[in-house]
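Coordinate analysis (summary)
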Amino acid sequence: ATGSLQWVWRCAKPSRMYSPAAVWPVKAEVKIFIAVPDRRLYVIDASSGKEIKHFDGIARESVGISQDGSTVYCKSMWHTLTSIDAKSLNIKWQAETRTGYDISPTSIAQWGGIGVVMPTDKGNIVCFDSQTGRRKWAHKISIALVNPMTTTREGHLLASTMDGTVMLMKINQLY
């Protein structure tokens, strides 16, 4: 109500690298999850701002959350996607993305029956099974970075890229 500051958290190893790692934090299970340029995924207590845990080497480029808030996804720039249980902080699975070096900060998204959707800096949209991490499909829509994606109630995935490409894809079992 007053706009008073509650807490500030800072990475113990600050970096002058402002990019890529231009990722946005997600909140789940009273925890904040964020990746920063030191290639770690940090878990911060949302109430106090104290670090709970960090994961080395699994994140730098992008973080996302499942629709129900139970799972956090993070991507490294060296072709891995990791699924973490937001409550226990255990790694559920880690997948080889087969996308090569990727510095896209665009959020990873999970939608109903579609799975986990990961955009890349090379114009790809890659989908993984949300339970196993198995790669389901991939589509190349451009040669440029994919911007944040959205879905429609009619069962479509809508995406655009930095070069002006716009894509609408019909997806089964979206909701």
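The next subject is the pairing of strand β6 (residues 71-75). Where burial is concerned, most of β6 is hidden: five out of the five residues are buried. Side-chain alternation along β6 places T71, Y73 and K75 on one buried face and V72 and C74 on a second face that is also buried. Inspection of the sheet shows strand β5 (residues 62-65) paired to β6 by four bridges, in the antiparallel sense. Pairing of V63 across the sheet is with C74, part of β6. Linking two consecutive strands that pair antiparallel, namely β5 and β6, is a turn of five residues; a positive phi of about 75° is found at G69 within it. By the bridge criterion, five bridges tie β6 to strand β7 (residues 78-85) in an arrangement that is antiparallel. Across the sheet, Y73 pairs through a bridge with S83, a residue of β7. As consecutive antiparallel partners, β6 and β7 are separated by two residues.

Let us look at the environment of G123. You can see G123 is positioned in the loop between β10 (115-119) and β11 (124-128). Accessibility expressed as a relative area gives 0% for G123, which makes it buried. Between the C-alpha atoms of G123 and P25, which are 98 residues apart in sequence, the distance is 23 Å. Contacts of G123, omitting those with residues within four sequence positions, involve H139, K140, I141, S142, I143, A144, L145 and V146.

Here the focus is the nonpolar core. Core analysis: the largest hydrophobic core is formed by 24 residues, its most contacted members being F33 and L41. Listed by contribution, the elements that provide at least two residues to this core are β1 (26-28), β2 (31-36), β3 (40-45) and β6. In terms of residue count, β2 provides more of this core than any other element does, five residues in total. Excluding residues that lie within four positions of it along the chain, L41 makes contacts with F33, I34, A35, K53, H54, F55, I58, A59, V63, C74 and I84. In this structure, I114, C127, L157 and A159 belong to the second largest nonpolar core, which totals 14 residues.

Criteria and thresholds
Residues numbered from 1 in each chain as written. Predicted model: local features only at pLDDT ≥ 70, side-chain atom pairs only at ≥ 80, totals over all residues. Heavy atoms only, no water. Buried < 20%, exposed > 50% of the residue type's maximum accessible area, 1.4 Å probe, protein only. Helix = DSSP H or I, 4+ residues; strand = E, 2+ residues; numbered from the N terminus. Pairing = 2+ DSSP bridges. Contact = heavy atoms within 4.5 Å. Core = buried A, V, L, I, M, F, W, Y, C linked by side-chain atoms within 4.5 Å.

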